[in-house]
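# Structure at a glance
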Amino acid sequence: MTDLALRRPFSPLRLESRSLAWQAGAVVVGSLLLALSSQIKVPMYPVPMTMQTFAVTLIGALYGWRLGSVTVIAWLLQGFVGLPVLAGAVGGAAYFAGPTGGYLIAFPFAAALTGWLAQRGWNGGRVGLAFAAMLAGNALCLVIGVAWLAVLIGLPKAIALGATPFVLGAVLKSALAAAALKAFAPRS
C-alpha cells in the first residue's frame, strides 16, 4: 500500500462531504442498525451478550469518529427517553443506572475510537489493523462497562460476570466487523 493510500482518509460512504440531510439520514439508518443489533442477544446475567458492539464499531469505522459517535449518542438518547431500542426491546433512564449502564455509556467512545483508527489506516484496506481497531473498541466497552459494574457488585464479580464471558464474543464480533469493513474498502 502506498503512502498516499495510507494518508487518504478511509471514508467509503463519503459522509463528511455529503449534505446535512444525508448525514441525518445516516444517523437514522445507524440508529436502526443499532436497535436491530440490540435484539440479537444471548441472555446472560447481569449483562446480556448482544451484537451491539459489532454495530457500534462498524458504524464508527464507516461513519468516521465524529458522525459515528453522534449516531451512537442519538440511539442512546432514544433509549434514554424510553423508545424500545435497547437489548430486549426496552428503553428508559433506569437502564443507564443499572448493570448495563457502563457498557451503554462506553459505546460512543468505542465508535469514536474505531472511527479515529479507521481514518488513520486501521480500516478495510488493511484487514488485520481493522480487526485490531474493532477489538480496541470492544475492549474499551468491556473496561468501562466493568468499571461501572464494579461499583454495583464489586470488581472481582464484575470481571467474572461482566468481562470474562464476553472476551470470545468480542473477538468474534471484531473479526466479523473487520470482514464487513473490508467489503466497503475501495478496490485498488
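Residues numbered from 1 in each chain as written. Predicted model: local features only at pLDDT ≥ 70, side-chain atom pairs only at ≥ 80, totals over all residues. Heavy atoms only, no water.

### Quick word on the overall build of the protein
Put simply, the test is: Secondary structure counts use DSSP, requiring at least four H or I residues in a row for a helix and at least two E residues in a row for a strand, with both numbered from the N terminus. All radius of gyration figures rest on C-alpha atoms, and the globule criterion is 2.2 Å times the number of residues raised to 0.38. Exposed residues in this analysis have more than 50% of their type's maximum accessible area, buried residues have under 20%, and partly exposed residues fall in between, with area computed by a 1.4 Å probe over protein chains only. What makes two residues a contact is simply this: any of their non-hydrogen atoms within 4.5 Å. Note that accessible areas follow from Shrake-Rupley with a 1.4 Å probe, and for residues the cover is restricted to the protein chains shown.
When you go through the protein residue by residue, the secondary structure sums to 9 helices and 2 strands. When the helices and strands of the protein are listed from N to C terminus, the series reads α-α-β-β-α-α-α-α-α-α-α. What you see for the protein is a C-alpha radius of gyration of 16 Å, in line with the 16 Å of a compact globule of 188 residues. The dimensions of the protein, computed from C-alpha atoms along their principal axes, are 50 × 35 × 25 Å. Looking at the protein residue by residue over its 188 residues, the buried ones come to 46%. Pairs at least 24 residues apart make up 70% of the contacts formed inside the protein by residues separated by at least 6 positions. Total accessible area on the protein stands at roughly 9,300 Å², and carbon and sulfur atoms take up 74% of it.

### Remarks on the UniProt feature "transmembrane region" (unreviewed entry) in the protein
How we decide: UniProt positions are given in the numbering used here, feature names are shortened, and annotations may be inferred rather than shown by experiment.
Within the UniProt annotation, "transmembrane region" (unreviewed entry) is assigned to residues 20-40, 101-118, 130-153 and 159-181. From the first C-alpha to the last, residues 101-118 spans 26 Å; its make-up is 100% helix and 0% strand. The annotated region residues 130-153 carries 100% helix and 0% strand content, and the separation between its end C-alpha atoms amounts to 34 Å.

### Here's the deal with the packing of aromatic side chains
A ring pair, where both rings are aromatic, is described by two values, the distance of the centres and the angle of the planes. This is how it is decided: Each Phe, Tyr or Trp ring, with Trp reduced to its six-membered ring, pairs with another whose centre is within 6.5 Å; inter-plane angles below 30 degrees give stacked pairs, above 60 give edge-to-face pairs, and intermediate values give tilted ones. In this analysis the charged atom, NZ for Lys or CZ for Arg, is taken to sit over a ring once it is within 6 Å of the ring centre and within 35 degrees of the ring normal.
Applying the stated rule across the entire model yields 2 aromatic pairs. With a centroid separation of 5.4 Å and 65 degrees between ring planes, the pair formed by Phe80 and Phe96 is classed as edge-to-face. Here Phe96 lies in helix H5 (residues 94-97) and Phe80 lies in helix H4 (residues 65-80), a separation of 16 residues in the sequence. Judged by relative accessible area, which is 15%, Phe96 ranks as buried. The side chain of Arg18 reaches across the aromatic face of Trp22, ending 4.3 Å from its centre.

### Considerations on the environment of Lys182
The topology assignment puts Lys182 in helix H9 (residues 167-184). Using a relative accessible area of 40% as the deciding quantity, one classes Lys182 as partly exposed. A C-alpha to C-alpha distance of 6.4 Å links Lys182 and Val127, two positions 55 residues apart in sequence.

### What to know about the packing of helix H7 (residues 127-153) against helix H8 (residues 155-162)
As a reminder, the rule being used: All axes here are fitted lines through C-alpha atoms, helices being fitted over the stretch that makes contact, and every angle between N-to-C directions spans 0 to 180 degrees. When an angle is under 35 degrees it counts as roughly parallel; over 145 it counts as roughly antiparallel; between 65 and 115 it counts as roughly perpendicular; any other value is oblique. Take the far helix as the reference: if the near one is turned anticlockwise from it by less than a right angle, the crossing is left-handed, and if turned clockwise, right-handed. Think of it as three bins: nonpolar holds Ala, Val, Leu, Ile, Met, Phe, Trp, Tyr, Cys and Pro, charged holds Asp, Glu, Lys and Arg, and polar takes everything else, Gly as well.
With their axes 8 Å apart at the nearest point, H7 and H8 run at an angle of 130 degrees to one another. When the interaxial angle is binned, H7 and H8 end up oblique. Crossing handedness for the pair H7 and H8: right-handed. Taken together, the residues of H8 that come into contact with H7 (itself represented by Leu142, Val146, Leu149, Ala150 and Ile153) are Leu155, Lys157, Ala158, Ile159, Leu161 and Gly162. For the contact of H7 with H8, the per-class residue count stands at 9 nonpolar, 1 polar and 1 charged.

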